[in-house]
Amino acid sequence: ITENLDGKAALVTGASSGIGEQTAKALAESGASVALAARREDELQQLADEIESDGGETLVVPTDVTDEDEVAEMVDRTHEEFGSVDVLVNNAGVMLLEHVEDADTDNFRQMVEVNLLGLMDVTHEVLPYMQKQGEGHIVNISSVAGRKAMAGGAGYNATKFGVNGFTEALRQEVTGENDIRTTLIEPGFVETELAEHIPDDEQQEQTKEMYEQMDVLQPEDIARSIAFAVGQPTHVDVNELLIRPTSQE
Ligand code: NDP
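Read on for an overview of the structure.

Thresholds applied
- Residues numbered from 1 in each chain as written.
- Predicted model: local features only at pLDDT ≥ 70, side-chain atom pairs only at ≥ 80, totals over all residues.
- Heavy atoms only, no water.
- Near = heavy atom within 4 Å.
- Polar contact = N/O pair within 3.5 Å; in protein donor to acceptor, adjacent residues only side chain to side chain.
- Areas by Shrake-Rupley, 256 points an atom, 1.4 Å probe, with all protein chains shown as cover.
- Nonpolar A, V, L, I, M, F, W, Y, C, P; charged D, E, K, R; others polar.
- Helix = DSSP H or I, 4+ residues; strand = E, 2+ residues; numbered from the N terminus.
- Expected span 1.5 Å × (residues − 1).
- Buried < 20%, exposed > 50% of the residue type's maximum accessible area, 1.4 Å probe, protein only.
- Arc of directions from axis to C-beta.
- Core = buried A, V, L, I, M, F, W, Y, C linked by side-chain atoms within 4.5 Å.
- Contact = heavy atoms within 4.5 Å.
- Pairing = 2+ DSSP bridges.
- Axes fitted to C-alpha atoms, helices over the stretch in contact; angles between N-to-C directions.
- Salt bridge = Lys/Arg side-chain N within 4 Å of Asp/Glu carboxyl O.

## So, the site of the ligand
Logical step 1: Around the ligand, the surrounding shell holds 30 residues, and the nearest of these are Ser-16, Arg-39, Arg-40, Tyr-156 and Thr-192.
Logical step 2: A distance of 2.8 Å is found between an oxygen atom of the ligand and a side-chain nitrogen or oxygen belonging to Ser-17.
Logical step 3: Residue Asn-91 places a main-chain N or O atom 2.9 Å away from an oxygen atom belonging to the ligand.
Logical step 4: For the ligand, the accessible surface in isolation is 870 Å², of which the surrounding protein chains cover 96%.
Logical step 5: In the shell around the ligand, the residues fall into 14 nonpolar, 11 polar and five charged.

## Topic: the side chain of Gln-232
Logical step 1: Here Gln-232 lies in the loop between α7 (219-230) and β7 (240-243).
Logical step 2: At 3.0 Å, the side chain of Gln-232 forms a polar contact with the backbone oxygen of Phe-228.

## Some details on helix α6 (residues 201-212)
Logical step 1: With 12 residues, α6 should cover 16 Å at 1.5 Å per step; its first-to-last C-alpha distance of 16 Å lies within 8% of that length.
Logical step 2: Among all positions of α6, only Gln-203, Gln-204, Thr-207 and Tyr-211 are buried. End-on view of α6: buried residues confined to an arc of 100 degrees, all on one side of the axis. Facing away from the buried side of α6 by over 90 degrees, the exposed positions are Asp-201, Glu-202 and Glu-212.
Logical step 3: By the N-cap criterion, in which a side-chain oxygen at the helix start approaches the backbone nitrogen of a residue two or three places on, α6 is capped by Asp-200, the distance to Glu-202 being 3.0 Å.

## Regarding the nonpolar core
Proteins that are soluble and globular tend to have nonpolar side chains buried together.
Logical step 1: The biggest cluster of nonpolar side chains holds 34 residues, and the ones touching the most others in it are Leu-27, Leu-36, Val-89, Ile-185, Ile-222 and Ile-226.
Logical step 2: Of all elements in the fold, only β1 (9-13), α1 (18-29), β2 (33-38), α2 (41-53), β4 (87-90), β5 (135-141), α7 and β7 reach the threshold of two or more residues within this core.
Logical step 3: Among the elements that take part in this core, α7 stands out by supplying six residues, more than any other.
Logical step 4: Contacts of Val-89, omitting those with residues within four sequence positions, involve Leu-11, Val-12, Thr-13, Thr-23, Leu-27, Val-139, Ile-141 and Ile-226.
Logical step 5: Of all hydrophobic cores here, the second largest spans 31 residues; its members include Leu-11, Val-94, Met-111 and Tyr-156.

## A few points about the sheet that holds β4
Strands belonging to one sheet form pairs held by backbone hydrogen bonds; the direction of such a pair is parallel or antiparallel.
Logical step 1: The strand order across the open sheet built from seven strands is β3-β2-β1-β4-β5-β6-β7, with neighbouring strands paired in parallel fashion. Both outer strands of the open sheet, β3 (58-62) and β7, are each paired with one neighbouring strand and no more. Strand-to-strand, the axes of this sheet are offset by a mean angle of 15 degrees, without reference to chain direction.
Logical step 2: Of the strand pairs in this sheet, β5 and strand β6 (residues 179-187) are connected by seven bridges, and their pairing is parallel. Opposite Glu-135, over in β6, you have Asp-179 as the bridge partner.
Logical step 3: Strands β1, β2 and β3 of the sheet are contacted by helix α3 (residues 68-82), whose axis makes an angle of about 165 degrees with β3.
Logical step 4: Together, β1, β4, β5 and β6 form the strand contacts of helix α4 (residues 105-133), whose direction differs from that of β5 by roughly 165 degrees.

## Some points on the pattern of salt bridges
For side chains of opposite charge, pairing can occur when their charged atoms come near one another.
Logical step 1: Within the structure shown, the criterion is met by nine salt bridges.
Logical step 2: With a closest N to O distance of 3.3 Å, Arg-40 and Glu-193 form a salt bridge. Linking Arg-40 in the loop between β2 and α2 with Glu-193 in the loop between β6 and α6, this pair joins segments that are 153 residues apart in sequence.
Logical step 3: Given a relative accessible area of 34%, Glu-193 falls into the partly exposed group.
Logical step 4: Between Arg-109 and Asp-106 there is a salt bridge, with its nearest N and O atoms 3.9 Å apart. Of the two residues, Arg-109 and Asp-106 are both situated in helix α4; the distance of three residues between them amounts to about one turn of the helix.
Logical step 5: Arg-109 sits in the partly exposed class, given a relative accessible area of 48%.
Logical step 6: Overlapping salt bridges, with partners in common, bring together Arg-147, Glu-186 and Glu-240 in one network.

Have a look at this one:
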């Protein structure tokens, strides 16, 4: 169903685990060269070896998306290596669930800096390359939490609602100007490392229980949706995909 991505270059943030790792693999399987970004270099290198042993082309770019200089270098190196930046998957994220009254405000700050400002900075760096190329595709990973707020998720909800607003405004800015597409991906529960980092023990326990109660999504399920959106013909822009496990309320 999807187009071949041969000759295209994709940059995936948060590629060291979960959804980002599987997305990088799926895009490589479709023929794209993939730049792999996150902080954990060993995991990125392992993934690069795996993709390359299957015949794919990779670039490992260890990056903290909260650091503007590192972000600029990540994007420039991707362009230098592959000659274009055709697809950006803004996937890096953290979910540090806490009730507002108990929250460590450093956790608020980290979520905003990674999930929202990081995504905005990376987009800002990539956009001039796409405008010059006359085409490109920006895929932003939001969440069901970008549409539906829940107690305990205030900080995380704020960042994901922010991602939704940013992406729609960006879409309106770039639509009609060249062939630049935007896609918002809103996953429900996906089995990844995300919940492991929840600082509040009770919140972590509750979240893990919720995951155990249903047949949750696997990172591959989301990667497939991303590959689907990216693999559409250029005149088709899949603007938004909301993907829940069938048993999630
Ligand atoms: P993981 O914890 O497996 O992946 C998160 C990724 O983000 C890791 O690769 C991590 O790499 C990277 N990351 C975190 N902080 C930074 C940073 N400062 N700079 C660069 N990379 C960073 O979880 P998921 O795969 O689940 O999460 C991916 C995205 O999906 C997130 O945006 C999340 O909000 C979203 N999502 C997940 C859902 C789920 O149920 N799992 C549901 C809805 C949305 P490293 O630590 O090496 O830097």
